[in-house]
Amino acid sequence: MRELLSKKILQLKPSGIRKFFDVANEIPDVISLGVGEPDFETPYHIREVGIQALQSGKTFYTSNSGLKDLRKEICTYSQEKIGNYYEPNSEVIVTVGGSEAIDLVLRTIINPGDEIIYIEPSFVSYLPCILMTGGVPVSIELKPEKKFRLTKEQLEKVITNKSKALILSYPNNPTGAIMEREDLQALIDVIQKNNLLVISDEIYSELTYNKHHVSIASFPEMKERTIVINGFSKNFAMTGWRLGYALGNYEIIQQMIKVHQYAIMCAPTISQYAAIEALQNGQEDVIHMRESYNQRRSFLYHELNRLKLHCFEPEGAFYMFPDIREFGMSSEEFAVDLLNKEKVAVVPGNAFGDCGEGFIRISYAYSIFELKEAIKRIEKYVLSKRV
Amino acid sequence: MQKKEILSLLELIEQNGDLSELELAIMLNLKEIEIHETIESLKSSNIICGYHTLINWDKVTNDDVKALVELRVTPQGGDGYERLAEKIKEYPQVKALYLLSGSYDFLVLVDGKNIKEISLFVSSKLASINEVQNTTTHFVLRKYKDLGVDFDNKKVDERMVVTP
């Protein structure tokens, strides 16, 4: 059968997370810190609007780019958050999660052989999506010593005459790193000089702690060449609704709509109605969730330090990325051993790129009681290994 | 401690009564001594009024009957409501007491072992107060939710064990 299949797809490595999921899922009484989604349920007023939409028969397709009212709300929200005006009729597209937007934009811009620069460690989809589109992935390995931020020098080093675009993913999954205004400012020169597009995946934009998220699109000279990707999953705890969006220059967005209309048609209608409610009345929920994540972040960071597990202090998203190299095991060996011995599931760092080797991702989208229990188990494990 | 921090502290301990002062300090990015002093001061000014455990008694015993009793009263003088409230809330059977707007004045949450005990309490103690014009007693058939906690459904984590 395999000879009948696409070589490109056959060569694609299955997600490291999927592999680990199959192991972890078989073990009873696991405390999992391996989840990449909020522990909060979608706020009830948002769910209620979804229910009403379903009850009143809002069960038809929407326009390809999404409900007009939703696009308007997204543009209002983005104006407030990024400071840019996007035209609701032409510069925004509603997608099936941020993930679809990533795929769409890559399919829209890549010609075979184009090099797409992305950072590692990062979300698992960039590399395979680039490969599936015939692009050439070029990764930049980021280091905890530099707070996992991208520098001008690192970017310059990988640029060739084939470079097409740079994917920025901040606040970052899995490291929790952010880029501040001056960090972004430093890149602009190189980006402009080399005529790069920027794909800015800002899915965790509401989840930064003690500092505000800055979008690279907010620099006037960057707006035209930046495609902002965002969505409702993390910011509004709406993962299962599968709803995201992309903002950018109409020439790009209009081409993305073509791909989207043939592949997907439109994002789920009920989710779109719920998302309007999220944008109109969900800010208080966001503030509440952010405060709660921040408390857990402080707790977990303190506890990892107490256990002398070296860890970069994250300033965004809801992950920590501690260094486990002292134990002389690979990330996968460590994660599997911790799972078998103490029944705590974490994600091996190499699932997020080769340079994640030697690290594990711990999510703090869990109640404080789960975190306390998990830390107790991790402590026991770590002490047994250090003897 | 700033007002915002005090609010965060209160919200946190209202939901999680068993966090230690050290844990609270870590979570709120404050010093343990600040947490300790603030909690002591909140206790002495009766803002923190106690630490209790929320129990679903229905699952433990059949000897637990609750009633919500409406009281219509004719208060005497300017502080009539206050004096009446002082009197009513002294009864150990009274678990909660509210003064309300609307068609009656007080709502009294009464605890007892059985219907008879509560009926007796209402007729002999509450209805017999001079200012009480009439009473309406509603027996609680079932408690679904209390203090924000759903009594029927223990939330289970529906998320998959590992996701990107």
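Residues numbered from 1 in each chain as written. Chains lettered and ligands numbered in written order. Predicted model: local features only at pLDDT ≥ 70, side-chain atom pairs only at ≥ 80, totals over all residues. Heavy atoms only, no water.

> Give a detailed account of the domain arrangement of chain B, specifying residues and quantitative values.
You'll often see interface size given as the accessible area lost when the parts meet. In terms of domain boundaries, chain B breaks down into domain 1 (3–44) and domain 2 (57–143). Look at where the C-alpha atoms of domain 1 of chain B and domain 2 of chain B centre, and you get two points 34 Å apart. (Domains from an automatic or database assignment.)

> Before we move on, can you summarise the sheet that holds strand β5 (residues 163–169) of chain A with the specific residues and values?
All names here are of chain A. Taken in spatial order, the seven strands make up an open sheet running β2-β8-β7-β6-β5-β3-β4, and their pairing is mixed. Two strands in the sheet have a free side with no partner beyond their single neighbour: β2 (92–95) and β4 (136–141). Ignoring strand direction, the axes of neighbouring strands in this sheet form an average angle of 20°. Examined bridge by bridge, strand β6 (residues 197–201) and strand β7 (residues 226–231) share four bridges and lie parallel to one another. Residue pairing for β7: D201 is matched across the bridge by I229. Sheet contacts for helix α9 (residues 250–263): β2, β6, β7 and β8 (244–247); angle to β2, the most-contacted strand, approximately 30°. (Pairing = 2+ DSSP bridges. Helix = DSSP H or I, 4+ residues; strand = E, 2+ residues; numbered from the N terminus. Axes fitted to C-alpha atoms, helices over the stretch in contact; angles between N-to-C directions. Contact = heavy atoms within 4.5 Å.)

> Before we move on, could you go through the nonpolar core and cite the residues and values that matter?
Residues and elements named next belong to chain A. Within the largest apolar cluster, 120 residues are counted, with the highest numbers of intra-cluster contacts made by L106 and L150. Residue contributions to this core peak at seven residues, all from helix α13 (residues 368–386). Setting aside its immediate chain neighbours within four residues, L150 contacts I119, I140, L142, L155, L166, L168, Y170, M179 and L187. (Core = buried A, V, L, I, M, F, W, Y, C linked by side-chain atoms within 4.5 Å. Buried < 20%, exposed > 50% of the residue type's maximum accessible area, 1.4 Å probe, protein only.)

> Give me the packing of aromatic side chains: which residues, what numbers.
Across all of its chains, the model carries 17 aromatic pairs over all chains by this definition. A centroid spacing of 5.9 Å and a plane angle of 75° characterise the contact between Y81 of chain B and F106 of chain B, whose relative ring orientation is edge-to-face. Separated by 25 residues along the polypeptide, Y81 of chain B in helix α4 (residues 80–89) and F106 of chain B in strand β3 (residues 106–112) bring together distant segments of the chain. Counting every residue linked through ring pairs, the aromatic cluster contains F40, Y204, Y293, F318 and Y319 of chain A. (Phe/Tyr/Trp six-rings, centres within 6.5 Å; stacked < 30°, edge-to-face > 60°.)

> Tell me about the environment of L187 of chain A, and name the residues and values.
All names here are of chain A. Assignment of secondary structure puts L187 in helix α8 (residues 181–193). Residues L187 and K152, spaced 35 residues apart in sequence, show a C-alpha to C-alpha distance of 5.1 Å. Leaving out residues up to four positions away in the same chain, L187 has contacts with L150, T151, K152, L155, L168 and M179.

> An account of the interface of chain B and chain A is needed here, citing residue identities and associated values.
The partner chain A presents 35 residues to the 18 residues of chain B that form the contact. Between chain B and chain A, the buried area comes to about 2,100 Å², and carbon and sulfur atoms account for 59% of it. On inspection of chain B and its partner chain A, the count reaches two salt bridges. Notably, a salt bridge pairs K372 of chain A with E23 of chain B, separated by 3.0 Å at the nearest N-O pair. In this structure, the connection of chain B to chain A is made through twelve residue pairs in polar contact (both at pLDDT 80 or more). Only α1 (3–15) and α2 (21–28) of chain B provide two or more residues apiece to the side of chain B that touches chain A. Examining the composition of the side of chain B that touches chain A, we find that four residues originate from one element, α2 of chain B, more than from any other. (Buried area = accessible area lost by both parts, 1.4 Å probe. Salt bridge = Lys/Arg side-chain N within 4 Å of Asp/Glu carboxyl O. Polar contact = N/O pair within 3.5 Å; in protein donor to acceptor, adjacent residues only side chain to side chain.)

> Any details on the confidence of the model for chain B? Residues and values, ideally.
Mean pLDDT for chain B: 93, with 100% of residues reaching 70 or above. Among the prediction metrics, the complex's ipTM stands at 0.85, with pTM recorded as 0.93. (pLDDT = per-residue confidence, 0-100.)

> Can you break down the packing of helix α12 (residues 331–342) of chain A against α13 of chain A residue by residue, with the values?
All names here are of chain A. For the pair α12 and α13, the least separation of the axes is 10 Å and the interaxial angle reads 115°. For the element pair α12 / α13, the angle class is roughly perpendicular. Note on packing geometry: the crossing formed by α12 with α13 is right-handed. Along its contact with α12, which presents F334, D337, L338, K341 and E342, the element α13 presents R377, I378, K380, Y381 and K385. By residue class, the composition of the contact of α12 with α13 is four nonpolar, no polar and six charged. (Parallel < 35°, antiparallel > 145°, perpendicular 65-115°, else oblique. Left-handed = near helix turned anticlockwise from the far one by under 90°. Nonpolar A, V, L, I, M, F, W, Y, C, P; charged D, E, K, R; others polar.)

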